[in-house]
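# Results of the structural survey
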Amino acid sequence: MLDVNRLRMLVELSRLGTLSAVADALSYSKATVSQQLSALERDVGVPLLRRVGRGVQFTPQGNVLVAEAIGILDQLEHAQVAVAESLTEVTGTVRIAVFQTAAHALLPPALLALQAQHPALRVDVTERDPETSLVGVASREFDLMLAEQYPGRTRPINADLDRVVLTHDAIAPARRPGARVERDAATALWATRDEPWVLEPPGTASRAWAEQLCRTAGFEPDVHFEVADLTTHIRLIRAGLAVGLLPELVWAGDAPSVDLTPLPEAPRREIFSSARRVSAAAPSIRAVRSALADAAALILPD
């Protein structure tokens with residue numbers, strides 16, 4: 001009998017390419033992954049991998065087993081969903097990966113609603129950036145993730161994951177309360193060209209979008225602060241130490257504590273969730289998505 005966890009490691013190796021990446025995705029050490037894959041080879045009785053330089057390459061038999069293992073793992077999830085759908089109560093555990101503003105604004109009301117409606121359902125939450133979250137859902141580390149997509153930008157498409165749009169929120173230049181703010185949307189961004197800026201770190205989707213927006217307006221933002229935490233952004237802006245771009249969701253339905261000026265064409269960020277297609281029909285995942293949608297509708301009504 002082949003070990004399911006070892007098969008999962010083999011599938012992740014085919015997807016991610018290196019033992020180190022598999023170890024990171026599944027929260028194991030590289031040595032453990034290597035040992036488990038060696039044990040899988042002994043179970044099968046043929047080599048599945050061959051060393052190529054510092055990496056590994058699949059043998060023909062390894063490729064055959066990967067294709068079969070994907071089907072096995074999907075069938076196991078199908079079986080779990082079928083059992084869950086036969087119950088009259090929503091139970092189990094849903095592991096969610098979320099980005100910061102979604103955790104701040106959407107999770108508290110959604111979790112309170114789930115607690116009242118489905119007391120037997122457990123929800124475990126981990127804050128992760130969207131790029132890591134997508135990998136985590138595909139590798140079965142998480143069951144559901146919330147991600148953001150900025151106007152004019154796209155994320156890689158994984159055919160094994162679905163995509164459900166949750167809501168959209170506006171993004172606006174922010175300055176300290178009482179500052180002389182340019183109210184004309186066409187020139188509001190240009191008016192910040194000589195100000196110190198706070199942005200998220202390089203490599204993030206929000207940073208890339210903000211820089212492109214400023215460049216389109218004709219200037220390079222003078223970034224004094226690189227901070228991932230948007231609460232810090234708000235404090236720096238409110239104190240008059242920086243200007244920045246803030247999404248509407250960060251206020252969680254409360255009144256903004258800084259001065260905001262709309263951008264031309266009012267660009268909006270898309271908030272969406274992704275789950276594995278094979279498990280998206282599970283009552284637990286449907287319940288969580290419904291609660292998140294209700295929370296979003298309260299905070300950001302159309």
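The structure under discussion appears in the preceding block.
First things first, this report covers the structure right here in the doc.

Rules and cut-offs
Residues numbered from 1 in each chain as written. Predicted model: local features only at pLDDT ≥ 70, side-chain atom pairs only at ≥ 80, totals over all residues. Heavy atoms only, no water. Helix = DSSP H or I, 4+ residues; strand = E, 2+ residues; numbered from the N terminus. Buried < 20%, exposed > 50% of the residue type's maximum accessible area, 1.4 Å probe, protein only. Arc of directions from axis to C-beta. Patch = residues over 30% accessible without salt bridge, like charges linked within 9 Å, V, L, I, M, F, W, Y side chains within 5 Å. Areas by Shrake-Rupley, 256 points an atom, 1.4 Å probe, with all protein chains shown as cover. Salt bridge = Lys/Arg side-chain N within 4 Å of Asp/Glu carboxyl O. Core = buried A, V, L, I, M, F, W, Y, C linked by side-chain atoms within 4.5 Å. Contact = heavy atoms within 4.5 Å.

## A word on the environment of Ala275
Locating Ala275 in the fold gives a position in strand E11 (residues 268-275). You can call Ala275 buried: its relative accessible area is 0%. Taking C-alpha positions, Ala275 is 5.4 Å from Leu161, a pair spaced 114 residues apart along the chain.

## Describing helix H2 (residues 19-26)
Taken together, the buried positions of H2 are occupied by Leu19, Val22, Ala23, Ala25 and Leu26. Seen along its axis, H2 keeps its buried residues to an arc of 165 degrees; they face one direction. Remark: Ser27 follows H2 within two positions and exhibits a positive phi of approximately 60 degrees.

## Structural notes on a nonpolar patch on the surface
Judged by side-chain polarity, Leu2, Val44 and Val46 come together as a nonpolar surface patch covering roughly 180 Å² of accessible area. For Val46, the location among the structural elements is in the loop between helix H3 (30-44) and strand E1 (49-52). With relative accessibility at 31%, the residue Val46 sits in the partly exposed group.

## What to know about the nonpolar core
Formed by 30 residues in total, the largest nonpolar core has its most connected members in Leu106, Val288 and Leu292. The element best represented in this core is helix H11 (residues 283-299), accounting for eight residues. Aside from chain neighbours lying at most four places away, what touches Leu106 is Thr101, Leu166, Leu249, Leu292, Ala295, Ala296 and Ile299. Counting residues in each nonpolar core, the second largest holds 19 residues, with Val22, Leu37, Leu40 and Leu65 among its members.

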